[in-house]
Structure formats: structure tokens, C-alpha cells
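Structure at a glance
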Amino acid sequence: SQTIHQWPATLVQPVGSPLSLECTVEGTSNPNLYWYRQAAGRGLQLLFYSVGIGQISSEVPQNLSASRPQDRQFILSSKKLLLSDSGFYLCAWSVVGGETQYFGPGTRLLVL
Amino acid sequence: AQSVAQPEDQVNVAEGNPLTVKCTYSVSGNPYLFWYVQYPNRGLQFLLKYITGDNLVKGSYGFEAEFNKSQTSFHLKKPSALVSDSALYFCAVYEGRRALTFGSGTRLQVQP
């Protein structure tokens, strides 16, 4: 069966520091991968999605970036965090051509 | 553009009573509709989806949803609520490989 992991689970970072959040999927090949941000425990905002290694589409211009160095690894990064980057970051995957997404446990980021 | 609306921020129901969480949608073609549930500090869990076929879709944990094309609705239902059903529920519509568009979420509170 497929599983999706995210780490760290929780992160507290100062403003201006760099960020790296990791997401990995097991038990499937060539998945579509997604990064979402959830602010204030409510709506989800799609940040990035990827249909293959090195293929990243950005949905919202901001100081975050994403990379997919391996088939089942998706990384969310920032060079300098802002206070407004605080939130709950969720990674998700789907099969190619599939419509159902499966979510990881999330990373809670607090920028101080 | 496709969108979903969840008109209720919170729904309160007594344990053992039936529950309904409302969702309406706006799409240009045939809708692919989803319900997800989120427990505190956790990722989203897939409950059920409607792609085509029977308008009544059954999902996990005893939940079901009714697709109504004339009313453009996809309400989530359960015949008998449990305290453990208390969580945040999201309706979503599939936009193709650009991923899911989520509603703002409805918090379900089941009182013992």
C-alpha cells in the first residue's frame, strides 16, 4: 500500500531564516505531487504541483519554491522566511491521471 | 473557473441524530466532487467522491453524499452522528491536473 511522509512535524523558525520541508511517497511510481498551505485551520491553498522529476508548476507567486529531485520526493523551500509563511503545510499525491489526492500528516510551521 | 461553497462555518448536532454538511459547486463541465475530513493537527483524509453514476455515494465511516445536478449540490450525510465524527470537513472539486479546489471547510461538532 502507499504511504506519504512529511517531516518535520513541527518547526519553529525565526524571520529571515531558510526553510526546507520534505515529503516522500512510498509504494507508487511517478505520482503527481502537491504542496498546499492551510492558514488558520481553514481553507487550503495550492502552492505547487509536480507531474514529474524537475517539473514544478507554481500556483501562487511568493518567496517559497519547490523542487522534485527524485520521483517520490518533493521539497518545499524558502531562502528567507516571512511571518506570513506561518501555517500548516500539507503534501499530497495522486496517481497520474487520477483525481483523488491522498494527504500526508502535515508540517506545522511557526515563524517568529 | 470552478469553485465550491460551504455555507456553514459550523454545524452542531446531537449524538445519534442525523447530520448534513452542505456543499454547492460551480463547474463548467461534469463535476468531480470530493469530501475530506481533517482531525486536529492532522492531514486530510479522503471520505468519498462522485465521478459519475449513482447520485448517492457511500464512503468511509458510514458517511454518504448525494449529488444533485439541478441544485448543484453535494451534501455530506450520516444517519447517526458519533462524537468521534467531530472534525473539520472539506468539500472539493477536481480541476484536472491543477489539483483540487477546496471549500472553506465546515466544523462539525457532535455533542454527547
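In this report, the structure presented in the accompanying data block is examined. (Residues numbered from 1 in each chain as written. Chains lettered and ligands numbered in written order. Predicted model: local features only at pLDDT ≥ 70, side-chain atom pairs only at ≥ 80, totals over all residues. Heavy atoms only, no water.)

1. With respect to the overall build of chain B
Scanning chain B from terminus to terminus reveals zero helices and 12 strands. In sequence order, the secondary structure elements of chain B are arranged as β-β-β-β-β-β-β-β-β-β-β-β. In terms of overall dimensions, chain B is globule-like: its C-alpha atoms have a radius of gyration of 13 Å, near the 13 Å expected for 112 residues. With respect to the principal axes defined by its C-alpha atoms, chain B has extents near 40 × 30 × 20 Å. For chain B, the residues scored as buried account for 45% of the 112 residues in total. Here the contacts in chain B between residues at least 6 apart in sequence split such that 53% fall between residues at least 24 apart. (Helix = DSSP H or I, 4+ residues; strand = E, 2+ residues; numbered from the N terminus. Rg over C-alpha atoms; globule rule 2.2 N^0.38 Å. Buried < 20%, exposed > 50% of the residue type's maximum accessible area, 1.4 Å probe, protein only. Contact = heavy atoms within 4.5 Å.)

2. Some words on the state of the cysteines
Residue and element names in this part refer to chain B. A complete count under the given rule lists two disulfides over all chains for this structure. Disulfide partner of cysteine 23: cysteine 91, at an S-S distance of 2.0 Å. Looking down the S-S bond of the cysteine 23 and cysteine 91 bridge, the torsion is -65°, so its handedness is left-handed. Taken together, the residues cysteine 23 in the loop between β3 (19-21) and β4 (24-26) and cysteine 91 in strand β10 (residues 87-94) connect sequence positions 68 residues apart. This pair shows no difference in class: cysteine 23 is buried, exactly as cysteine 91 is. (Disulfide = S-S within 2.5 Å.)

3. Brief notes about the packing of aromatic side chains
The geometry of two aromatic rings is summed up by the distance between their centres and the angle between their planes. If you walk through the whole model with that rule in mind, you get 19 aromatic pairs over all chains. Seen in terms of ring centroids, A:Tyr102 and B:Phe46 are 6.1 Å apart; in terms of plane orientation they differ by 70°. Their pairing is edge-to-face. In this pair, A:Tyr102 is assigned in strand β10 (residues 102-103) and B:Phe46 in strand β6 (residues 44-50), connecting two distinct chains. Ring geometry for A:Phe103 and B:Tyr36: centres 5.5 Å apart, planes at 80°, overall edge-to-face. One end of the pair, A:Phe103, is in strand β10; the other, B:Tyr36, is in strand β5 (residues 33-38), on a second chain. In this pair, the class of A:Phe103 matches that of B:Tyr36, namely buried. Of the aromatic side chains, those joined through ring pairs into one cluster are A:Tyr34, A:Tyr36, A:Tyr49, A:Trp93, A:Tyr102, A:Phe103, B:Phe34, B:Tyr36, B:Phe46, B:Phe90 and B:Phe102. If you follow B:Lys78 out to its NZ or CZ, it ends over the ring of B:Phe63, 5.0 Å from the centre. (Phe/Tyr/Trp six-rings, centres within 6.5 Å; stacked < 30°, edge-to-face > 60°. Lys NZ or Arg CZ within 6 Å of the ring centre and 35° of its normal.)

4. Thoughts on the interface of chain A and chain B
Taken together, the contacts link 22 residues of chain A with 25 residues of chain B. Summed over both sides, the interface of chain A with chain B buries roughly 1,800 Å², with 51% coming from carbon and sulfur. For the pair chain A and chain B, the interface holds one salt bridge. The salt bridge involving A:Glu99 is made with B:Lys49; its shortest N-O contact spans 2.8 Å. Across the contact surface, chain A and chain B share eight residue pairs in polar contact (both at pLDDT 80 or more). Looking at the side of chain A that touches chain B, the elements with two or more residues in it are β4 (32-38), β5 (44-52), β9 (87-94) and β10 of chain A. Top element by residues in the side of chain A that touches chain B is β5(A). It accounts for four residues. Tallied by class, the residues present in the side of chain A that touches chain B amount to 11 nonpolar, seven polar and four charged. (Buried area = accessible area lost by both parts, 1.4 Å probe. Salt bridge = Lys/Arg side-chain N within 4 Å of Asp/Glu carboxyl O. Polar contact = N/O pair within 3.5 Å; in protein donor to acceptor, adjacent residues only side chain to side chain. Nonpolar A, V, L, I, M, F, W, Y, C, P; charged D, E, K, R; others polar.)

5. Some thoughts on unusual backbone geometry
Cis geometry is adopted by the peptide bond preceding A:Pro8, which originates at A:Trp7 and carries an omega value of 0°. Relative to the assigned elements, A:Pro8 resides in the loop between β1 (3-7) and β2 (10-13). The residue B:Asn41 is not glycine, and still its phi comes out positive at about 55°. Structurally, B:Asn41 is set in the loop between β5 and β6. Positive phi, close to 60°, is recorded for B:Tyr61, a residue that is not glycine. Checked against the element boundaries, B:Tyr61 lands in the loop between β7 (56-58) and β8 (64-68).

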